[in-house]
Amino acid sequence: MQDVKTEFLFLSEEDIKEAGVLDMEQCVETIDKMFDVVGEGDYLMGGPLENEHGMMLWFPEEKRFENMPVAGPDRRFMSLISYLGGDFNISGNKWYGSNINNKEKGLPRSVLTVTLNDVDTGEPLAFMSGNLISAMRTGAVPGVASRYLANEDSKVLAVVGTGVINRASVLAIKYARPSVELIKVYDIDNERSKKFIEEMQNDVDAKFEIVSSMEECITDSDIVTIATSGAAKPVIEDEWVKDGCLITLTGAATLSEDFYKNNTIVADNWKMHEAWYRDGLEHPKGLESITSWTPSGELLEMIHEEKIDSNKITSLGDIVHNKKTFRKDNKEKIVFVTGGLPTEDVAWGYQVYQNALNKGIGQKLKLWDKPHWA
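Report follows, based on the coordinates. A quick note: this is a predicted structure, and the numbers were derived from the prediction, not measured.

The rules behind each value
- Residues numbered from 1 in each chain as written.
- Predicted model: local features only at pLDDT ≥ 70, side-chain atom pairs only at ≥ 80, totals over all residues.
- Heavy atoms only, no water.
- Pairing = 2+ DSSP bridges.
- Helix = DSSP H or I, 4+ residues; strand = E, 2+ residues; numbered from the N terminus.
- Axes fitted to C-alpha atoms, helices over the stretch in contact; angles between N-to-C directions.
- Contact = heavy atoms within 4.5 Å.
- Patch = residues over 30% accessible without salt bridge, like charges linked within 9 Å, V, L, I, M, F, W, Y side chains within 5 Å.
- Areas by Shrake-Rupley, 256 points an atom, 1.4 Å probe, with all protein chains shown as cover.
- Salt bridge = Lys/Arg side-chain N within 4 Å of Asp/Glu carboxyl O.
- Lys, Arg positive; Asp, Glu negative; His and termini not counted.
- Charge placed at Lys NZ, Arg CZ, Asp CG, Glu CD.
- Buried < 20%, exposed > 50% of the residue type's maximum accessible area, 1.4 Å probe, protein only.
- Phe/Tyr/Trp six-rings, centres within 6.5 Å; stacked < 30°, edge-to-face > 60°.
- Expected span 1.5 Å × (residues − 1).
- Polar contact = N/O pair within 3.5 Å; in protein donor to acceptor, adjacent residues only side chain to side chain.
- Parallel < 35°, antiparallel > 145°, perpendicular 65-115°, else oblique.
- Nonpolar A, V, L, I, M, F, W, Y, C, P; charged D, E, K, R; others polar.
- Core = buried A, V, L, I, M, F, W, Y, C linked by side-chain atoms within 4.5 Å.

Next up on the list: the sheet that holds strand β10 (residues 207-210). As a general point, the strands of a sheet are linked pairwise by backbone hydrogen bonds and lie either parallel or antiparallel. Here eight strands make up an open sheet; going across it, the order is β10-β9-β8-β11-β12-β15-β13-β14 and the pairing parallel. Every interior strand has two partners, whereas the edge strands, β10 and β14 (313-315), have only one. On average, each strand axis in the sheet is tilted by 20° relative to the strand beside it, whichever way the strands run. Judged from the four bridges that link them, strand β9 (residues 182-186) and β10 form a sheet pairing that is parallel. Paired with K184 across the bridge in β10 is E209. Together, β8 (156-160), β9 and β10 form the strand contacts of helix α5 (residues 190-200), whose direction differs from that of β10 by roughly 175°.

Following this line, the structure appears as structure tokens:
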């Protein structure tokens with residue numbers, strides 16, 4: 001009789017750090033490879049159209065029951081499932097709860113776990129701490145985008161928001177575009193900017209500079225990385241953006257209708273954003289339900305109002321897979337809109353899991369020696 005014992009590997013945050021989860025160079029290369037697989041079409045995400053970001057619990061605006069949470073900034077539970085083919089050939093899920101008030105309790109805004117499963121049997125292979133996996137893969141995406149969309153001689157990087165995601169984004173962008181020499185940092189909390197630079201300058205070979213306004217940060221920058229959270233969205237005026245600039249939106253920001261109309265738009269996977277659009281139409285509050293938190297929210301509103309043709313939007317996976325130069329010239333302004341693909345969590349989680357297996361890291365936990373009912 002075949003062995004039916006089922007075990008999986010438990011990896012704590014300390015374990016995944018030992019397994020190399022903070023290795024941004026490996027993370028960028030892994031996410032680049034993931035976009036190649038997605039561009040080929042060898043992937044599945046949730047929903048009947050196979051491109052849902054995930055399933056989210058929508059909390060009510062007003063209290064219904066004593067213990068039921070109410071809506072708030074970044075207040076949600078979410079499950080992000082996917083299958084990723086190619087050399088990965090893995091299925092998985094990122095599960096998380098998020099509350100911006102967690103910071104007052106000494107916790108991250110989001111608390112995440114990642115599960116990997118055998119694509120044939122469905123057996124769990126790994127249960128992993130997910131915060132660093134998620135942060136690193138999120139930061140790696142602007143790095144991959146900069147590799148394919150930014151000018152090769154980009155020298156000035158603008159950083160708007162000094163949270164965890166932009167820490168990872170700076171590492172990724174600098175790896176993808178080593179020509180960056182100056183990093184301008186803006187946050188509404190100046191002390192956070194100082195702390196950001198103190199923590200980053202030993203890991204990044206570039207000059208850092210704190211600036212006092214959004215305008216100063218954006219002006220004359222070759223690459224802009226936006227990663228903010230909360231209700232207030234940064235506003236970028238058209239005249240601040242220099243020719244040839246790449247803007248990467250990992251967090252929501254306000255750009256003018258004319259900017260979207262007159263410049264090039266690239267998304268991580270536009271089919272996923274179209275799924276958000278359908279979700280918004282079904283929500284009682286309509287598209288307003290997604291504009292506050294998804295980076296593509298305002299763009300989706302413009303498409304809904306037929307002010308912009310969605311056919312002009314290209315997915316990054318198509319660019320990576322086709323291995324062709326995408327940028328028309330060094331003056332083209334490009335805005336890159338990313339929403340976070342579940343396949344990114346699976347890709348980087350799988351690579352970290354493989355690293356852990358190779359290094360003998362983690363704790364094996366048993367599901368069963370033999371299933372009671374089979």
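As a further point, take a negative patch on the surface. Together, E215, E216, E237 and E239 make up a region of like negative charge exposed at the surface. Given a relative accessible area of 63%, E239 falls into the exposed group.

Relative to the helices and strands, H273 is located in helix α8 (residues 270-282). Those residues in contact with H273 that sit more than four places away from it in its chain are A267, D268, S296, L300, V337, T338 and G339.

For the structure shown, the criterion picks out five aromatic pairs. Between F59 and F77 the ring centres are 6.1 Å apart and the planes differ by 75°, which places this aromatic pair in the edge-to-face class. With F59 in the loop between β3 (55-57) and β4 (76-84) and F77 in strand β4, this pair connects stretches of sequence that are 18 residues apart. Judged by relative accessible area, which is 30%, F77 ranks as partly exposed. Ring centres 6.3 Å apart and planes at 65° place the aromatic pair F88 and Y350 in the edge-to-face group. You can see F88 sitting in the loop between β4 and β5 (90-98) and its partner Y350 sitting in helix α12 (residues 342-359), a full 262 residues away along the chain. Three or more aromatic residues joined by ring pairs make a cluster, and in this case those are F59, F77 and W95.

Take helix α2 (residues 24-40) next. Between its first and last C-alpha, α2 extends 24 Å over 17 residues, near the 24 Å set by a 1.5 Å rise per residue. Buried within α2 we find M24, C27, V28, T30, I31, D32, M34, F35, V37 and V38. The secondary structure elements touched by the buried residues of α2 are β2 (43-45), β4, α3 (131-149), α4 (164-176), α11 (316-322) and α12. Of the residues flanking the start of α2, the one acting as N-cap is D23, its side-chain oxygen 3.3 Å from the backbone nitrogen of E25. Phi for G41, located one or two positions after α2, is positive at around 95°.

This part covers the packing of α2 against α4. Contact geometry for α2 and α4: axes closest at 9 Å, N-to-C directions at 75°. When the interaxial angle is binned, α2 and α4 end up roughly perpendicular. Two secondary-structure elements touch here, α2 through M24, E25, V28 and E29 and α4 through A168, L171, A172 and Y175. Taken together, the residues of the contact of α2 with α4 sort by class into six nonpolar, no polar and two charged.

Turning our attention to the pairing of strand β7 (residues 124-129). Here strand β1 (residues 6-11) pairs with β7 via three bridges, running parallel. By the bridge assignment, L9 is partnered in β7 with A126. In this structure, strand β6 (residues 110-117) lies alongside β7, joined through five bridges in antiparallel fashion. Among the inter-strand pairings, V114 is bridged to a residue of β7, identified as M128. Remark: six residues form the turn of the hairpin made by β6 and β7, two consecutive strands paired antiparallel; G122 in that turn has positive phi of roughly 85°.

The next subject is the nonpolar core. Among the nonpolar cores identified, the biggest contains 96 residues, and M128 and I247 are the most heavily contacted of them. Residues M56, M78, L80 and Y96 belong to the second largest nonpolar core, which totals five residues.

Positioned with a positive phi, E50 is a non-glycine residue whose angle comes to about 65°. The topology assignment puts E50 in the loop between β2 and β3. With a phi angle near 45°, N89 is a residue other than glycine that sits in the positive phi range. On the secondary structure map, N89 appears in the loop between β4 and β5.

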